[in-house]
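Letter by letter, the chains look like this.
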Amino acid sequence: MQLKGLFEENIQGRLAEFDETEKGYLAYVHFKYYKKLMNKIREGTFVVVENYLSEENKRRFTTLQIIDVLPIHFALSSILEGRRPYPGFSWVAMESASKDFLDQVDTSKMDETFVRCTCIPIGFDLIVSSKGVEFEKANNKPIQGKEAFVLLPQLIQKLYNKGLLPDNARRVGDLALDTATHLSINVDFLKLITLHFGIFATTGGGKSNLVATLVRQILTNLPQVKVVIFDIAGDYPALLIDQ
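As a convention, each chain's residues are numbered from 1 in the sequence order in which they are written. In view of the model being predicted, local features appear only for residues whose pLDDT reaches at least 70, and side-chain atom pairs are presented and counted only at 80 or more, with totals across whole chains, interfaces and linings using the full set of residues. Processing note: side-chain calculations cover all non-hydrogen atoms of the structure and skip hydrogens and water entirely.

> Explanation requested: the overall build of the chain in the structure shown.
Numbering goes from the N terminus for both helices and strands, where a helix is a DSSP run of H or I of at least four residues and a strand is a run of E of at least two. Looking only at helices and strands, the chain features six helices and nine strands. When accessible area is computed with a 1.4 Å probe and restricted to protein chains, residues below 20% of their type maximum are described as buried, those above 50% as exposed, and intermediate ones as partly exposed. Out of the 243 residues in the chain, the part that is buried amounts to 37%. Residues count as neighbours in contact if any of their non-hydrogen atoms are within 4.5 Å of one another. In the chain, 67% of the contacts between residues at least 6 apart in sequence involve partners at least 24 apart. The method behind every accessible area is Shrake-Rupley, applied with a 1.4 Å probe, and residues are considered shielded solely by the protein chains displayed. Here the chain displays about 15,300 Å² of accessible surface, and carbon together with sulfur accounts for 54% of that area. When charges are counted, neither His nor the chain ends are considered; positive counts come from Lys and Arg and negative counts from Asp and Glu. Where a charge lies is defined by one atom per residue type, namely NZ (Lys), CZ (Arg), CG (Asp) and CD (Glu). If the 28 positive side-chain charges of the chain are averaged to one point and the 29 negative ones to another, these points end up 3 Å apart.

> What exactly am I supposed to notice about the environment of Leu159 here?
For Leu159, the position within the fold is in helix α3 (residues 153–160). Classification of Leu159 as buried rests on a relative accessible area of 9%. Between the C-alpha atoms of Leu159 and Leu6, which are 153 residues apart in sequence, the distance is 13 Å. Here Leu159 is in contact with Phe46, Thr63, Ile122, Phe124 and Phe135, once residues within four sequence places are set aside.

> Quick question: what am I supposed to make of the nonpolar core here?
Side chains of a nonpolar character, in soluble globular proteins, are inclined to be buried together. If you look at the biggest cluster of nonpolar residues, it comprises 21 residues, and the most contacted ones within it are Phe31, Ile41, Val115, Cys117 and Cys119. Among the elements of the structure, β1 (7–21), β2 (24–32), β3 (46–50), β4 (58–73), β5 (113–129) and β7 (147–151) are those that each provide at least two residues to this core. Looking at which element gives the most residues to this core, the answer is β2, with four residues. Setting aside anything within four residues of it in sequence, one finds Cys117 in contact with Ala27, Tyr28, Val29, Phe31, Ile41, Ile66, Asp68 and Val69. What makes a nonpolar core is a set of buried Ala, Val, Leu, Ile, Met, Phe, Trp, Tyr and Cys residues whose side-chain atoms join them at distances within 4.5 Å. Among the nonpolar cores identified, the runner-up in size contains 17 residues, and Leu3, Phe124, Phe135 and Leu155 belong to it.

> What's the story with the pairing of β2 in this structure? I'm lost.
Strand residues, when the strand is regular, have side chains that alternate between the two faces of the sheet. Between any two strands, pairing holds if DSSP finds at least two bridges. In the sheet, β1 pairs with β2 via seven bridges, with the strands oriented antiparallel. Residue pairing for β2: Glu20 is matched across the bridge by Tyr25. With antiparallel pairing between neighbouring strands as the criterion, β1 and β2 make up a hairpin whose turn holds two residues. Where β2 meets β5, six bridges bridge the pair, whose relative direction is antiparallel. Counted as the bridge partner of Tyr28 is Thr118 from β5.

> What exactly am I supposed to notice about the packing of aromatic side chains here?
Aromatic ring pairs: the centre-centre distance and the angle between the two ring planes describe each pair. By convention, a stacked pair of Phe, Tyr or Trp rings (six-membered ring in the case of Trp) has centres within 6.5 Å and planes under 30 degrees apart, an edge-to-face pair has planes over 60 apart, and any other such pair is tilted. Per the counting criterion, the structure on display carries six aromatic pairs. A ring pair is formed by Phe7 and Phe149, whose centres lie 4.7 Å apart and whose planes are at 10 degrees; its orientation type is stacked. In this pair, Phe7 sits in strand β1 while Phe149 sits in strand β7, placing the two residues 142 residues apart along the sequence. We classify Phe7 as buried; its relative accessible area is 8%. With relative accessibility at 15%, the residue Phe149 sits in the buried group. Each ring, one from Phe46 and one from Tyr160, has its centre 5.8 Å from the other, and the planes form 75 degrees; the classification is edge-to-face. Pair noted here: Phe46 is in strand β3 and Tyr160 is in helix α3, with a separation of 114 residues, a long-range link. On the accessibility criterion, Tyr160 (34% relative accessible area) is partly exposed. A connected cluster of aromatic rings, assembled from ring pairs, spans Phe7, Phe61 and Phe149. Here the basic side chain of Arg116 rests over the ring of Tyr28, its NZ or CZ set 4.1 Å away from the ring centre. When the NZ atom of lysine or the CZ atom of arginine is within 6 Å of a ring's centre and also within 35 degrees of its normal, the charge is said to sit over that ring. For Lys141, the ring lying beneath its charged end belongs to Tyr25, and the centroid distance is 5.2 Å.

As structure tokens, then:
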């Protein structure tokens, strides 16, 4: 099954290991390090790894999202981990490791350096078959040791805007994949207000700004709708002053 055109070229990792958690698992994907890779894999990047339900004519990939990116120098980690080396020796080792990181700009040249990405499953399989490419809700575990691929922007757009009809979808913001690539994030406001939904984030994460954006868009696109806000913290007079 042809996979060309679905994933970022020349970026390929491997699923190294799992950690079981109360609500599922964490997956650790390793990529060979080079400096320019750090603009391509970051927190929020989507990667896929083939899973056990995959078949020759219907390939299935578990979709994972990166939540932490950690470049590692194996030799330096081995020296510092679990011991107290002679300070002069550890200083020289750190200088050497930093040079190794900076010298590998466009390609990976050393086996001692790699990028360890902590990933979480998002509950979707990427399915590639003769019928095309689609995302399906699923919780299938990926195969340890298999290749990990980075999704291209058009597939991420397909995932985020899955099930939205063009006539009903309205843009609420952009997703920054890197410094040069931004994707439009759309919402069907009629579906949004006829169902229950929640917005969750840490303090300062932008919850009030997002709610204000949604309210503004709802009032613009559905003028017959009335919105009542219980504003305990007093955030919304400033955020919705134009309404």
